[in-house]
Structure formats: structure tokens, C-alpha cells
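Chain by chain, the residues:
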Amino acid sequence: MTTSTATPVLPLTTDDADALVAAARRAADEQGVRIAVTVLDAGGHLLAFRRDDRAVLIAGETSTRKAFTALQLDAPTADLVDAVRPDGLFHTLPTALDRPLLFIAGGVPLHRDGRLVGAIGIGGGAPDQDHGIALTASEDVLGG
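Residues numbered from 1 in each chain as written. Predicted model: local features only at pLDDT ≥ 70, side-chain atom pairs only at ≥ 80, totals over all residues. Heavy atoms only, no water.

A.B. asks: Is there a simple way to think about the pairing of strand β2 (residues 46–51) in this case?
C.D. replies: As a general feature of sheets, a regular strand has side chains that alternate between the two faces. Where strand β1 (residues 36–41) and β2 come together, 5 bridges link them in antiparallel fashion. Each residue of the ladder has a partner; that of L40, found in β2, is L46. (Pairing = 2+ DSSP bridges. Helix = DSSP H or I, 4+ residues; strand = E, 2+ residues; numbered from the N terminus.)

A.B. asks: Looking at this structure, how should I read the pattern of salt bridges?
C.D. replies: For side chains of opposite charge, pairing can occur when their charged atoms come near one another. Scanning the model with the defined rule gives 6 salt bridges in all. Of the charged contacts, one joins D130 and K66 as a salt bridge, the two residues approaching to 2.9 Å between their closest N and O atoms. Note that D130 is positioned in helix α4 (residues 127–142) and K66 in helix α2 (residues 58–73), a separation of 64 residues in sequence. A single burial state applies to D130 and to K66, both of which are buried. (Salt bridge = Lys/Arg side-chain N within 4 Å of Asp/Glu carboxyl O. Buried < 20%, exposed > 50% of the residue type's maximum accessible area, 1.4 Å probe, protein only.)

A.B. asks: Where do I start with the environment of R65 in this structure?
C.D. replies: Looking at where R65 falls in the secondary structure, it is placed in helix α2. Owing to a relative accessible area of 31%, R65 belongs among the partly exposed residues under this scheme. For the pair formed by R65 and A42, sequence separation is 23 residues and the distance between their alpha carbons is 15 Å. Those residues in contact with R65, other than ones at most four positions away along the chain, are P100, L101 and L102. Among the polar contacts listed, one links the side chain of R65 to the side chain of E61, at a separation of 2.6 Å. (Contact = heavy atoms within 4.5 Å. Polar contact = N/O pair within 3.5 Å; in protein donor to acceptor, adjacent residues only side chain to side chain.)

A.B. asks: So what exactly am I meant to see when it comes to the pairing of strand β3 (residues 107–112) here?
C.D. replies: Of all 6 residues that make up β3, 5 are buried, and the element is covered over most of its length. Linkage of β3 to strand β4 (residues 115–123), two consecutive antiparallel strands, is achieved through a turn of 2 residues, within which D113 is found at a positive phi near 50°.

Shown next, in the form of C-alpha cells:
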């Protein structure tokens with residue numbers, strides 16, 4: 001009989017989520033971008049959400065969908081854009097599921113000790129800006 005001794009990984013906490021939101025807002029402020037930030041835990045449950053007063057209203061919805069997509073596929077949404085184009089490997093995925101997936105840059109999965117613990121989504125800027133802000137927040141809080 002083989003037994004495994006899996007090392008427990010701390011889940012993403014509300015303190016982590018608050019720190020991610022703060023880091024994302026700092027990065028956005030440096031660029032002059034008004035954003036919405038969504039942080040989900042590994043189960044897809046909302047840990048934090050914040051929309052800047054002057055962010056476009058749709059930023060809240062896009063940040064949440066980007067986070068959900070990054071979590072479900074354990075990949076940055078920026079890396080998935082080509083896969084859902086008409087000739088892409090997953091071209092039917094956006095319409096095949098009754099889930100709020102969004103394949104626009106700005107969603108990043110969050111890992112701790114190599115394990116998926118959640119995701120962050122940014123909406124409100126250009127896709128490259130949103131992606132960069134999400135990466136910066138992840139690196140600042142979780143080290144990458």
C-alpha cells in the first residue's frame with residue numbers, strides 16, 4: 001500500500017484578496033487606468049470585488065468573467081485568445097458552456113506552492129493593460 005504525504009497549501013484568504021485588490025489598484029493608478037478587480041478562490045467563490053468610481057460599468061462584469069475563465073482553465077486569459085478564434089483548438093468553447101467565460105486578456109490564475117488557489121480578473125483598461133495589472137498584483141502578493 002502506497003501512502004502519499006501531500007503538503008497542505010494554504011488557501012487564498014480574504015487578506016490575500018484585499019492585498020491583491022490594493023496591488024492592482026496601485027498598478028492601475030500608475031497607468032491612469034480606472035478598473036474593476038475581482039478575486040475568486042479555488043472553488044470560484046468571490047473573495048473580493050472593487051470597481052473604481054470612474055471605471056466603465058461593464059468593467060465589473062468583464063473582471064469577474066476573466067477571473068472565472070482563468071480559474072477554470074488554469075491559464076491567463078491572454079494566452080487563450082487565439083485558441084477560441086474560428087480556426088482555434090477551442091473555437092466552440094465560448095458558446096458550448098452555460099458559463100460566464102471571457103477570452104480577453106486580464107484574467108490570471110493564482111498559484112501558491114505550485115497549486116491553483118484562485119484567480120484575479122481586471123477590467124476597465126485595454127486588454128494588455130488589464131493583463132499587466134493582474135500580473136503585477138499576483139507577483140506583488142503571491143510572488144508570481
